[in-house]
Amino acid sequence: MCWLRAVSLISMLFLASTYGGKLSYESLHLTPSTLSALHASFRQDELLNLNGLQIEEIDTNAFAYAHTIQQLYMRFNGIRYLPPHVFQNVPLLTVLTLERNDLTSLPREIFHNTPKLSVLSMSNNNLERIEDDTFQATTSLQILILSSNRLTHADLSLIPRSFPRQRQFINLLSTLTIPFAVEELDASHNRINAVRGPINVKLAFLELQHNNLTDTAWLVNYTRLIEVDLSYNKLEEITIHHFVTMQRLERLCVSNNRLVALDLYGRPIPTLKVLDLSHNHLMWVEHNQAQFDKLQYLYLDHNSIVTLKLSTSHTLKNLTLSHNDWDCNSLRALFRNVAHPAVHDADQHCKIDYHLEHGLCCKESDKPYLDRLLQYIALTSVVEKVQRAQGRCSATDTINSVQSLSHYITQQGGVPLQGNEQLEAEVNELRAEVQQLTNEQIQQEQLLQGLHAEIDTNLRRYRLPKDGLARPSENLNKVFTHLKERHAFKLRETQARRTEADAKQEETEDLEQENIALERQLDNKNTMQILLRQQTLLKRQKIKQLLAKLSKHRPI
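Residues numbered from 1 in each chain as written. Predicted model: local features only at pLDDT ≥ 70, side-chain atom pairs only at ≥ 80, totals over all residues. Heavy atoms only, no water.

## A look at the overall build of the protein
Summing up its helical and strand segments, the protein has seven helices and 25 strands in all. Residues classed as buried in the protein amount to 40% of the 556 residues present. Partitioning the intrachain contacts of the protein with sequence separation of at least 6 by distance along the chain shows that 38% fall at a separation of at least 24. With the model as given, the accessible surface of the protein reaches about 31400 Å², and the carbon-plus-sulfur share is 52%. (Helix = DSSP H or I, 4+ residues; strand = E, 2+ residues; numbered from the N terminus. Buried < 20%, exposed > 50% of the residue type's maximum accessible area, 1.4 Å probe, protein only. Contact = heavy atoms within 4.5 Å. Areas by Shrake-Rupley, 256 points an atom, 1.4 Å probe, with all protein chains shown as cover.)

The structure is reproduced here in structure tokens:
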């Protein structure tokens, strides 16, 4: 039985050395005889290095004599599958590395006899799912690295002894379950839209950038966080209610989201030192002054902020303000309390009606928010009319635009809008349009749901597997491809049957011709038989006549 098969036959060179109980193989084509010889020669080895041997298959009994192995390295191979009991005879295993292989799944029983396993790295594989009871026997696991796979399910909160560090970044997870005792968690570059799990008072560092999160309500379960990175998500609002229990939070990054509202007033986070709000859609942040005054680093660049206030007792060391929509009077008042060295960025070029003030573009206006609102409505109307004329203005775009405007109007409750009849007419017209477009969107969504249901029906009808992560159009293409292949198969089958039928027809015609010829031969033979009978009858009559004459002339 072959224990370990290597794809490469380039080298049969075996370089083994024992230094401090360590065994290393640098270039080896493993065969049953060589592997059994190795186990026989090095029965006390604790480290086995099988990196880069192009191994593709591992037999169940590959490590039958590896009772003393504690560290096993199998990186940079082509392993596609691990048998369920391959590590059954390695009870002392503490470190296992399987990076950069072709693994797509893990058997449930694979780690049931490795209770001392403390470090496991399986990054850069093709793992799609880890079953819930895979690690139920790994009571000593401390470091688990699953980055750069294709995971859609991995509930690591079910591990008996939660470990301080987890890395699950660059996968396809949509739901993240945070274990109760993990201290550092990196789950960035996934598709996470929901976070769940028990209360965790040990979690200190959390990285969830590049996901699909839309809210932060789940943060109330993690009161001892020190650093949180939620950049590159889909957050629209940050509220103090989700941070009110934070006791150690020092750094919060929510850059590159969709923030239109920031609510950190009332009870500021006392320990917060760094707040990154850059690259969002914030307009009004003045009511967060109490929080801003306590910070050391505040990043507000690339928003739409109009005014900002800071007290003379603020503690800011670094402040970014470029690429906003500043009001000049507000900037002048701000720089009376903020020294220039604290501002670490500047604008280069300004729009029409804007000019540089303290290195930042600003606009002179007596009523800055009303001015921006009228400007926004005019710009939105022009753009949407052009897009509508070109057929590029969708219902969703218009709804989002008007909802953003409505939110802004609600937020700016102190701005007197009632005195501007043109503005009220514009707002009422937009509200009527958004209602009509909302109804159309609902109808379109219902139609789309019906089409999705029809696609699922066809997938089941033709017994095709459904990819839950793929877009419906891809599943529909799968149905079309199947129907095309089925049609082509039917055409080929029909053509083959037509060819067979033509051959049978030709054979039938040949048999009919042969039958006609045989019938003619039979007719001829029947005719000849009749003639022969007639001749026989005549000859018998002649014989009778001759016998009669003979009897007359015979003497008595």
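## Details of the state of the cysteines
A full pass over the atoms with the stated rule returns two disulfides. Here Cys 328 is linked by a disulfide to Cys 362, with a sulfur-sulfur distance of 2.1 Å. In this structure, the disulfide formed by Cys 328 and Cys 362 twists by about 90° around the S-S bond and is classed as right-handed. Taken together, the residues span a long stretch of sequence, with Cys 328 in helix α3 (residues 328-337) and Cys 362 in strand β25 (residues 360-363) at a distance of 34 residues. For the residue pair Cys 328 and Cys 362, the accessibility class agrees, reading buried in each case. Each bonded cysteine of the protein is numbered by sequence order, and under that numbering the disulfide pairs are 1-4, 2-3. (Disulfide = S-S within 2.5 Å.)

## Focus: the packing of aromatic side chains
Throughout the structure, instances matching the rule amount to four aromatic pairs. Between Phe 87 and Phe 111 the ring centres are 6.4 Å apart and the planes differ by 5°, which places this aromatic pair in the stacked class. In this pair, Phe 87 is assigned in the loop between β5 (71-73) and β6 (95-97) and Phe 111 in the loop between β6 and β7 (119-121), connecting sequence segments 24 residues apart. According to the relative accessible area criterion, Phe 87 is buried, its value standing at 1%. By way of ring pairs, the aromatic residues Phe 63, Phe 87, Phe 111 and Phe 135 are connected into one cluster. Sitting over the face of the ring of Tyr 354, Lys 351 holds its NZ or CZ atom 4.7 Å from the ring centroid. (Phe/Tyr/Trp six-rings, centres within 6.5 Å; stacked < 30°, edge-to-face > 60°. Lys NZ or Arg CZ within 6 Å of the ring centre and 35° of its normal.)

## Digging into the side chain of Asn 101
Along the chain, the position of Asn 101 falls in the loop between β6 and β7. On the accessibility criterion, Asn 101 (4% relative accessible area) is buried. Polar contacts involving the side chain of Asn 101 include one to the main-chain carbonyl oxygen of Leu 98, which spans 3.0 Å. Setting aside chain neighbours within four positions, we find Asn 101 in contact with Met 74, Arg 75, Phe 76, Asn 77, Gly 78, Ile 79, Asn 124 and Asn 125. (Polar contact = N/O pair within 3.5 Å; in protein donor to acceptor, adjacent residues only side chain to side chain.)

## Some remarks on a negative patch on the surface
A cluster of acidic residues, Asp 502, Glu 506, Glu 507, Glu 509, Asp 510, Glu 512 and Glu 514, forms a negative patch on the protein surface. Looking at the secondary structure, you find Asp 502 in helix α7 (residues 472-553). Here Asp 502 falls in the partly exposed class, since its relative accessible area comes to 48%. (Patch = residues over 30% accessible without salt bridge, like charges linked within 9 Å, V, L, I, M, F, W, Y side chains within 5 Å. Salt bridge = Lys/Arg side-chain N within 4 Å of Asp/Glu carboxyl O. Lys, Arg positive; Asp, Glu negative; His and termini not counted. Charge placed at Lys NZ, Arg CZ, Asp CG, Glu CD.)

## Things to note about the UniProt feature "coiled-coil region" (unreviewed entry) in the protein
Within this structure's numbering, the places UniProt gives as "coiled-coil region" (unreviewed entry) are residues 420-454 and 491-528. Counted over residues 491-528, helix gives 100% and strand 0%. Its end C-alpha atoms are 55 Å apart. (UniProt positions renumbered as here; feature names shortened; annotations may be inferred.)

## Focus: unusual backbone geometry
With a phi angle near 55°, Asn 124 is a residue other than glycine that sits in the positive phi range. Looking at the element boundaries, Asn 124 is found in the loop between β7 and β8 (129-130). In this structure Asn 124 comes out as partly exposed when scored by relative accessible area, which is 27%. Of note in this structure, Tyr 232 is not a glycine but carries a positive phi near 55°. Residue placement: Tyr 232 occurs in the loop between β16 (227-229) and β17 (237-239).

## Examining the sheet that holds strand β24 (residues 355-357)
Pairing between the strands of a sheet is mediated by backbone hydrogen bonds and can be parallel or antiparallel. Strand order across the open sheet formed by three strands is β23-β25-β24, with mixed pairing between neighbours. Each of the sheet's edge strands pairs with one partner strand only, and the pair in question is β23 (326-327) and β24. Here three bridges tie β24 to β25, and the two strands are oriented antiparallel to one another. Bridging across to β25, Leu 356 finds its partner in Cys 361. (Pairing = 2+ DSSP bridges.)

## A word on the environment of Gln 291
Positionally, Gln 291 belongs in helix α2 (residues 289-293). Remark: the alpha-carbon pair of Gln 291 and Ile 269, spanning 22 residues in sequence, is separated by 6.9 Å. With near-sequence residues (within four places) excluded, Gln 291 lies in contact with Leu 264, Pro 268, Ile 269 and Leu 272.

## So, empty space enclosed by the protein
All chains considered together, the criterion is met by three cavities of 30 Å³ or more. Forming the walls of the largest cavity are Ile 130, Glu 131, Asp 132, Phe 135, Gln 136, Asp 155, Leu 156, Leu 158 and Ile 159. Here the residues of the lining of the largest cavity sort into five nonpolar, one polar and three charged. (1 Å grid on protein atoms, 1.4 Å probe; cavity = no way out; pocket = protein on both sides within 12 Å on 5 of 7 lines; lining within 4 Å. Points joined across faces, edges and corners; volume = space filled by probe spheres on them. Nonpolar A, V, L, I, M, F, W, Y, C, P; charged D, E, K, R; others polar.)

## A closer look at the pairing of β25
Side chains Leu 360 and Cys 362 of β25 all project onto a buried face; the interleaved residues Cys 361 and Lys 363 project onto the opposite face, where all are buried too. Both β23 and β25 contribute to a ladder of two bridges, which runs parallel. Pairing of Asp 327 across the sheet is with Lys 363, part of β25. Hairpin geometry of β24 and β25 is characterised by an intervening segment of two residues between the two adjacent antiparallel strands and by a positive phi of about 60° at His 358.

## Quick word on the confidence of the model for the protein
Here the protein averages 83 in pLDDT, while 82% of its residues score no lower than 70. Taken as a whole, residues 1-33 scores under 50 in pLDDT and shows 78 contacts with residues more than four places along the chain or in a different chain. Across residues 412-419, where pLDDT falls below 50, the model places twelve contacts with residues more than four positions away in sequence or in other chains. (pLDDT = per-residue confidence, 0-100.)

## Quick word on α3
Every buried residue belonging to α3 is among Cys 328, Ser 330, Leu 331, Leu 334 and Phe 335, and all of these are buried. All buried residues of α3 lie within an arc of 150° about the axis, which places them on one face of the element. Tucked into the core, α3 has its buried residues touching β23, β24 and β25. (Arc of directions from axis to C-beta.)

## Focus on the pattern of salt bridges
Under the counting rule described, the total for this entry stands at twelve salt bridges. A salt bridge links Lys 466 to Asp 456, with the shortest nitrogen-to-oxygen separation between them at 3.2 Å. Pair noted here: Lys 466 is in the loop between α6 (421-461) and α7 and Asp 456 is in helix α6, with a separation of ten residues, a long-range link. Here the salt bridges share partners, and the residues they tie into one network are Arg 108, Arg 129, Glu 131 and Asp 133.

## Observations regarding the side chain of Asp 345
Within the secondary structure, Asp 345 is located in the loop between α3 and β24. Of the side chains bearing the opposite charge, Arg 251 lies closest to the buried Asp 345, which forms no salt bridge; the N-O distance is 15 Å. At a separation of 3.0 Å, a polar atom in the side chain of Asp 345 contacts the main-chain amide nitrogen of Leu 321. Polar contacts involving the side chain of Asp 345 include one to the side chain of Ser 322, which spans 2.6 Å.

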